[in-house]
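Residues per chain, in single letters:
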Amino acid sequence: MELQGTIKKLFDAQTFASGFQKREMVILTQEQYPQPINIEFLSDKISLLDNLREGENVKVGINIRGREWVSPQGETKYFNSITGWRVEKVFDNGSEPTQAAPSHSAAPVSNENPFAGDDDDDLPF
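No experiment lies behind these values; they were computed from the predicted model shown.

**A short note on the packing of aromatic side chains**
- Tallying each qualifying case throughout the model produces one aromatic pair.
- Taking the ring centre of Phe11 as reference, the NZ or CZ of Lys9 above it sits at 5.6 Å.

Below, the structure is given as structure tokens:
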């Protein structure tokens, strides 16, 4: 999945006692009702944020992750997180992003019925 928006906030990297590292970024989506979306970058993906600045327009490749947690009282709760794995700068003047995604050329679409010439109707129903 991808999200596109303007970088609202870049946070410093956090390192936890276990050695786990993460860095967060908030982007403001560009739609009728803009949404501030928090995206986590984990471990080796932290460096993707090094050359970014607040106010820049970006397209972010994301994964949505969910997890279940059971409290000591036995109550089950569910949590979601959005994890980034790719960032591309997007320029307003219509030029290409600095790190374009690979393009895939699709086969031409035909409006012709592929079964039009089949007089051999041996279907059992």
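**Description of the confidence of the model for the chain**
- Averaged over all residues, the pLDDT of the chain equals 84, while 74% of them reach at least 70.
- Taken together, the stretch residues 94–103 has pLDDT below 50 and engages in ten contacts with residues farther than four places along the chain or on a different chain.

**Here's the deal with the pairing of strand S5 (residues 57–70)**
- As defined by bridge partners, strand S1 (residues 2–10) adjoins S5 across five bridges and the pair is classed as antiparallel. Pairing of Gln4 across the sheet is with Lys59, part of S5.
- The pairing of S5 with strand S6 (residues 76–89) spans 13 bridges and is antiparallel. Among the inter-strand pairings, Gly61 is bridged to a residue of S6, identified as Arg86.
- Linkage of S5 to S6, two consecutive antiparallel strands, is achieved through a turn of five residues, within which Gly74 is found at a positive phi near 90°.

**Quick look at the nonpolar core**
- Residues Met25, Ile39, Leu52 and Val60 are the most contacted members of the largest nonpolar core, which totals 13 residues.
- Listed by contribution, the elements that provide at least two residues to this core are S1, strand S3 (21–29), strand S4 (36–42) and S5.

**Topic: unusual backbone geometry**
- A positive phi angle is found at Ser43, which is not glycine, with a value near 45°.
- With respect to the helices and strands, the residue Ser43 is situated in the loop between S4 and S5.

**Remarks on the pattern of salt bridges**
- Overall, the coordinates contain six salt bridges when judged by the stated rule.
- Across the pair Arg86 and Glu2 runs a salt bridge, and its minimum N-O distance is 2.4 Å. With a gap of 84 residues between them, Arg86 in strand S6 and Glu2 in strand S1 connect regions that are remote in the sequence.
- Looking at Glu2, the relative accessible area reads 42%, which means it is partly exposed.
- Of the charged contacts in the structure, one is a salt bridge between Arg86 and Glu88, with a shortest N-O distance of 3.4 Å.
- Owing to a relative accessible area of 17%, Arg86 belongs among the buried residues under this scheme.
- Here the salt bridges share partners, and the residues they tie into one network are Glu2, Arg86 and Glu88.

What counts as what
- Residues numbered from 1 in each chain as written.
- Predicted model: local features only at pLDDT ≥ 70, side-chain atom pairs only at ≥ 80, totals over all residues.
- Heavy atoms only, no water.
- Phe/Tyr/Trp six-rings, centres within 6.5 Å; stacked < 30°, edge-to-face > 60°.
- Lys NZ or Arg CZ within 6 Å of the ring centre and 35° of its normal.
- pLDDT = per-residue confidence, 0-100.
- Contact = heavy atoms within 4.5 Å.
- Pairing = 2+ DSSP bridges.
- Helix = DSSP H or I, 4+ residues; strand = E, 2+ residues; numbered from the N terminus.
- Core = buried A, V, L, I, M, F, W, Y, C linked by side-chain atoms within 4.5 Å.
- Buried < 20%, exposed > 50% of the residue type's maximum accessible area, 1.4 Å probe, protein only.
- Salt bridge = Lys/Arg side-chain N within 4 Å of Asp/Glu carboxyl O.

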